[in-house]
Amino acid sequence: MGGLIERRREGAIEVWTLARPDRLNAMPDLEDGEAFAAACEAVNADLSVRCVVLTGEGRAFSAGGDLKAMKDRRDLFAGSGAEIRERYRRVVHRIVRSLYGLEVPLVTAVNGPAMGLGCDVAGLGDVKIASDRAVFGIPFLKLGIVPGDGGAWLMPRHVGYARAAEMLFTGRSIDAETAERWGLVNRVVPHDLLMDEAMETAGQIAAQPPHALRMAKALLRQGRDVTFDQMLEMTAAMQALAHLTDDHAEGVSAALEKREARFEGR
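Below, the structure is looked at part by part.

The rules behind the values
- Residues numbered from 1 in each chain as written.
- Predicted model: local features only at pLDDT ≥ 70, side-chain atom pairs only at ≥ 80, totals over all residues.
- Heavy atoms only, no water.
- Helix = DSSP H or I, 4+ residues; strand = E, 2+ residues; numbered from the N terminus.
- Rg over C-alpha atoms; globule rule 2.2 N^0.38 Å.
- Buried < 20%, exposed > 50% of the residue type's maximum accessible area, 1.4 Å probe, protein only.
- Contact = heavy atoms within 4.5 Å.
- Areas by Shrake-Rupley, 256 points an atom, 1.4 Å probe, with all protein chains shown as cover.
- Lys, Arg positive; Asp, Glu negative; His and termini not counted.
- Charge placed at Lys NZ, Arg CZ, Asp CG, Glu CD.
- Axes fitted to C-alpha atoms, helices over the stretch in contact; angles between N-to-C directions.
- Parallel < 35°, antiparallel > 145°, perpendicular 65-115°, else oblique.
- Nonpolar A, V, L, I, M, F, W, Y, C, P; charged D, E, K, R; others polar.
- Left-handed = near helix turned anticlockwise from the far one by under 90°.
- Pairing = 2+ DSSP bridges.
- Right-handed = clockwise from strand over helix to strand, strands pointing away.
- Disulfide = S-S within 2.5 Å.
- 1 Å grid on protein atoms, 1.4 Å probe; cavity = no way out; pocket = protein on both sides within 12 Å on 5 of 7 lines; lining within 4 Å.
- Points joined across faces, edges and corners; volume = space filled by probe spheres on them.
- Arc of directions from axis to C-beta.

**Considering the overall build of the chain**
Along its length, the chain carries 11 helices and nine strands. Against the compact-globule benchmark of 18 Å for 266 residues, the chain has a radius of gyration of 19 Å, which places it among compact chains. In terms of principal-axis extent, the alpha carbons of the chain reach across some 65 × 40 × 40 Å. The proportion of buried residues among the 266 residues of the chain is 47%. Across the chain, every contact between residues at least 6 apart in sequence was considered, and the portion connecting residues at least 24 apart equals 66%. Accessible surface for the chain amounts to roughly 13,200 Å². Of this, 55% is attributable to carbon and sulfur atoms. Charged side chains of the chain number 33 positive and 38 negative; the gap between the two group centres comes to 4 Å.

Here it is, written out as structure tokens:
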């Protein structure tokens, strides 16, 4: 796929790279919503994919919005308020909705600064691994705007309301170690080891039974917004389906035989 996202396949893992390094992987251009939607839809439809790793090319993960385009009132930012609103809905929101709806686990490997939309995209990872060069910020107010990408909903779920408020209201960025301490990322690794760590984690995820893996992710995501009773009903239904798979039988046999299971998605 051309444009912002470069995709490559490594076994059951897809690696996506934000490939606009000359602009610090700024986004979104007008075609970026479709790019993310197409990539996510392709993975959701392909049961042979069990995990996605998302990183950035060059020295940034993503600098977020293009300040020159903002200044010139072009592309995403052109026209009337109604037109800008519609582009946010059809481009920016399509990016975050697509990533949020990705059915396989997403590992974000944050290789450098992740700002604004870039920060919120990084935070959409199920597992978030940061280089020691990573920096995170949501400096919308410094630009006289508000989080237009759902960040006001996402960030408090990552770090809690008080820390999200501090980041948003002050515009201050946090380094990778602070992000780890606050729970925004799972762990921080030396920059040169970032992709090794991300791929090792993705490999461990990809070794799991694919149907149960997708159901487990759905339960975790939906569990943040439903009641306990609703979650129990969902769990019973998904568990019944999982018990009828060949992968379940293989997992039980492997445990009893003290060997590694070989899950084939059946």
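**As for the packing of helix H9 (residues 210-222) against helix H10 (residues 228-243)**
Their axes nearest at 11 Å, the elements H9 and H10 cross at an angle of 180 degrees. With respect to their mutual orientation, H9 and H10 come out roughly antiparallel. Together, Met 215, Ala 218, Leu 219 and Gln 222 of H9 and Met 231, Met 234, Thr 235, Met 238, Leu 241 and Ala 242 of H10 make up the contact between the two elements. For the contact of H9 with H10, a count of residues per class yields eight nonpolar, two polar and no charged.

**Focus on the packing of helix H1 (residues 32-45) against helix H3 (residues 81-100)**
Angle between the axes and distance between the axes: these two values describe a pair of packed helices. Their axes nearest at 7 Å, the elements H1 and H3 cross at an angle of 20 degrees. With respect to H3, the axis of H1 lies roughly parallel. Crossing hand, H1 versus H3: left-handed. Contacts from Asp 32, Gly 33, Glu 34, Phe 36, Ala 37, Cys 40 and Glu 41 of H1 reach H3 at Val 91, Arg 94, Ile 95, Ser 98 and Leu 99. Residues that form the contact of H1 with H3 fall into these classes: six nonpolar, two polar and four charged.

**Some details on the pairing of strand S2 (residues 13-18)**
Where burial is concerned, most of S2 is hidden: six out of the six residues are buried. Side chains Ile 13, Val 15 and Thr 17 project from S2 onto one buried face, and the interleaved Glu 14, Trp 16 and Leu 18 project onto a second face that is buried too. As judged from the six bridges shared by strand S1 (residues 5-10) and S2, these two strands associate in the antiparallel manner. Residue Glu 6 lies in a different strand from S2, and its bridge partner there is Thr 17. Adjacent in sequence and paired antiparallel, S1 and S2 are bridged by two residues, among which Gly 11 carries a positive phi angle near 65 degrees. Relative to strand S3 (residues 51-56), S2 is paired through six bridges, and the arrangement is parallel. Considered in S3, the bridge of Leu 18 is made with Gly 56. Where the polypeptide runs from S2 across H1 and back to S3, its parallel neighbour, the crossover connection is right-handed.

**A few points about the sheet that holds S3**
Taken in spatial order, the six strands make up an open sheet running S1-S2-S3-S4-S6-S9, and their pairing is mixed. Both outer strands of the open sheet, S1 and strand S9 (187-189), are each paired with one neighbouring strand and no more. Taken pair by pair, the neighbouring strands of this sheet meet at an average axis angle of 20 degrees, ignoring direction. Relative to strand S4 (residues 106-110), S3 is paired through four bridges, and the arrangement is parallel. Residue pairing for S4: Val 53 is matched across the bridge by Val 107.

**A look at the state of the cysteines**
Disulfides are covalent bonds that connect the sulfur atoms of two cysteines. This model, assessed by the stated rule, comprises zero disulfides. With no disulfide partner, Cys 51 has as its closest neighbouring cysteine sulfur the one in Cys 40, 13 Å distant. With no disulfide of its own, Cys 119 lies closest to Cys 40 among cysteine sulfurs, the gap being 18 Å.

**Section: the layout of surface pockets**
The calculated volume of the largest pocket comes to roughly 470 Å³. As for the largest pocket, its lining consists of 25 residues, and the residues nearest its centre are Ala 63, Gly 64, Gly 65, Asp 66 and Leu 67. Counting residues per element, the lining of the largest pocket draws most heavily on helix H2 (residues 67-72), which supplies three residues. Of the residues belonging to the lining of the largest pocket, the class tally is 17 nonpolar, four polar and four charged.

**Focus on helix H11 (residues 246-256)**
Three or more residues of H11 are buried, namely Asp 247, Glu 250 and Ala 254. In an axial view of H11, the angular spread of the buried residues amounts to 60 degrees, which keeps them on one side of the axis. Exposed and oriented more than 90 degrees from the buried face of H11 are Ala 255 and Leu 256. Here the buried face of H11 lies against H9. Where H11 ends, the next residue or the one after it, Lys 258, has phi of about 55 degrees, a positive value.

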